[in-house]
Amino acid sequence: MPTSSFNKDFTLNTKKDVESFERIISTPKKSIKIDRSLVSIENMRRGEQKVKQMLSRNDSTVANEK
């Protein structure tokens, strides 16, 4: 991704825009607690295996294209 996509300029043209922006940045974010006990070792291993399978398919596809 080009770094230029991170350098976006924005202008607040009206008082309403400024007030809205102030409200957005001053409102605290609601944190979401993640219950890590829901992920078992078995599920993690199964997920890792799926990722390995997908990556090995991509490797064989790239090799076949060459």
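These figures come from a predicted structure and were not determined experimentally. (Residues numbered from 1 in each chain as written. Predicted model: local features only at pLDDT ≥ 70, side-chain atom pairs only at ≥ 80, totals over all residues. Heavy atoms only, no water.)

A. Quick peek at the overall build of the protein chain. When its secondary structure is counted, the protein chain shows two helices and zero strands. Counting the 66 residues in the protein chain, one finds 0% classified as buried. Here the protein chain displays about 7,100 Å² of accessible surface, and carbon together with sulfur accounts for 56% of that area. (Helix = DSSP H or I, 4+ residues; strand = E, 2+ residues; numbered from the N terminus. Buried < 20%, exposed > 50% of the residue type's maximum accessible area, 1.4 Å probe, protein only. Areas by Shrake-Rupley, 256 points an atom, 1.4 Å probe, with all protein chains shown as cover.)

B. Local environment of the pattern of salt bridges. Scanning the model with the defined rule gives one salt bridge in all. Here Glu 42 ties to Arg 46 by a salt bridge, and the two come within 3.0 Å at their closest N and O atoms. Placement of the pair is Glu 42 and Arg 46 together in helix α2 (residues 41–65), with a separation of four residues, close to one helical turn. Owing to a relative accessible area of 57%, Glu 42 belongs among the exposed residues under this scheme. (Salt bridge = Lys/Arg side-chain N within 4 Å of Asp/Glu carboxyl O.)

C. Representation of the packing of aromatic side chains in the model. In total, this model carries one aromatic pair according to the counting rule given. Where Phe 10 meets Phe 21, the ring centres are 5.7 Å apart and the plane angle is 50°; that geometry is what we call tilted. Taken together, the residues Phe 10 in the segment before α1 (15–26) and Phe 21 in helix α1 connect sequence positions eleven residues apart. Judged by its relative accessible area of 31%, Phe 21 falls in the partly exposed class. (Phe/Tyr/Trp six-rings, centres within 6.5 Å; stacked < 30°, edge-to-face > 60°.)

D. Up close: a nonpolar patch on the surface. On the surface, Phe 10, Leu 12, Val 18, Phe 21, Ile 24 and Ile 25 cluster together into a nonpolar patch covering about 560 Å² of accessible area. Of note, Ile 25 is situated in helix α1. (Patch = residues over 30% accessible without salt bridge, like charges linked within 9 Å, V, L, I, M, F, W, Y side chains within 5 Å.)

E. α1, seen in detail. Counted at 1.5 Å a residue, the expected span for α1 with its twelve residues is 16 Å, and the 16 Å between its end C-alpha atoms agrees. Burial of α1 is sparse: only zero of the twelve residues sit out of reach of the surface. (Expected span 1.5 Å × (residues − 1).)

Structural measurements only, silent on function.
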